[in-house]
Amino acid sequence: MVEEEAQQAKTEKMRYVKESCPALCVPGSLQDLQELCRKLHKQIDLVDEERYDMEIKVHKSNKEIDELKLKVQDLNRKFKKPVLRRVRMSADAMLAALLGSKHKVSMDLRANLKQVKKEVKEEEKQTGDWRKNIEVKSGMDSRKKMFETEA
């Protein structure tokens, strides 16, 4: 069965070649050979022009198909969102982009920040007898007596 199909394909190919390609007649003189070469070159040029035109048509139709696919996706709202790149902008540039070029807004974010001063705690700097600190902090005399008897 496969052999029959192969034989049939071979005979079909031979029939097509005989129809489309005439038998080659090689002339004996030099001028006839040159004329044959010119004729063949003209045929080659025509075939190349047709091939080029067909390639351009295919390219244009592929481009049109891609554009129509994008339109269909847009209409169906099933298109993928592109990945956004992170852009570094200053605050002034961001405001200019948001508000447009009509509004000239200059914003210094550092100027609006509060100034914080570091306070130095006095308790950390005081170094002295720890017993005096206990006497000052303790409000009960009984505790004071308890510490005095132990020492």
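Above: the structure in question.
Throughout, residues of each chain are indexed from 1 in the direction in which the sequence is written. Since the coordinates come from a predicted model, pLDDT governs what is reported: local features require at least 70, and pairs of side-chain atoms require 80 or more to be given and counted, while whole-chain, interface and lining totals use all residues. With hydrogens and water set aside, each side-chain value is computed from the structure's full complement of heavy atoms.

1. What about the overall build of the protein chain?
Defined as follows: Numbering of helices and strands runs from the N terminus, with a helix taken as a DSSP run of H or I at least four residues long and a strand as a DSSP run of E at least two residues long. The buried label applies to any residue whose accessible area, calculated with a 1.4 Å probe on protein chains only, is under 20% of its type's maximum; exposed applies above 50%, and partly exposed to all values in between. Each accessible area value is a Shrake-Rupley result obtained with a 1.4 Å probe; residue values ignore everything except the protein chains displayed when judging cover.
Of the regular secondary structure elements, the protein chain holds 6 helices and 0 strands. Across the 151 residues of the protein chain, 0% fall into the buried class. Summed over all atoms, the accessible surface of the protein chain reaches about 16500 Å², with 56% contributed by carbon and sulfur.

2. Looking at the pattern of salt bridges
Counted only if it meets this: Put simply, a salt bridge is a Lys or Arg side-chain nitrogen that is within 4 Å of an Asp or Glu carboxyl oxygen.
The tally for this structure, following the rule as stated, stands at 5 salt bridges. Here Glu12 ties to Arg15 by a salt bridge, and the two come within 2.2 Å at their closest N and O atoms. Taken together, the residues Glu12 and Arg15, both in helix α1 (residues 2-20) and 3 residues apart, mark about one turn of the helix. Classification of Arg15 as partly exposed rests on a relative accessible area of 40%.

3. Some thoughts on helix α2 (residues 30-76)
For clarity, the threshold we go by: A helix is expected to span 1.5 Å multiplied by its residue count minus one.
Taking 1.5 Å per residue, 47 residues should reach 69 Å; α2 reaches 69 Å between its end C-alpha atoms and fits that length. Directly beyond the C-terminal end of α2, a positive phi value near 60° is found at Arg77.

4. Here's the deal with a negative patch on the surface
Our working rule: Within the patch definition used here, like charges are joined within 9 Å and nonpolar side chains (Val, Leu, Ile, Met, Phe, Trp, Tyr) within 5 Å, considering only residues with over 30% relative accessible area and no salt bridge. For the purpose of counting charges, residues Lys and Arg are taken to be positive, whereas Asp and Glu are taken to be negative. His and the chain ends are not included. Here the site of a charge means NZ on Lys, CZ on Arg, CG on Asp, or CD on Glu.
On the surface, a cluster of negative charge is made up of Asp45, Glu49, Glu50 and Asp53. As for its position among the elements, Glu49 is in helix α2.

Coordinates in, geometry out; function isn't part of it.
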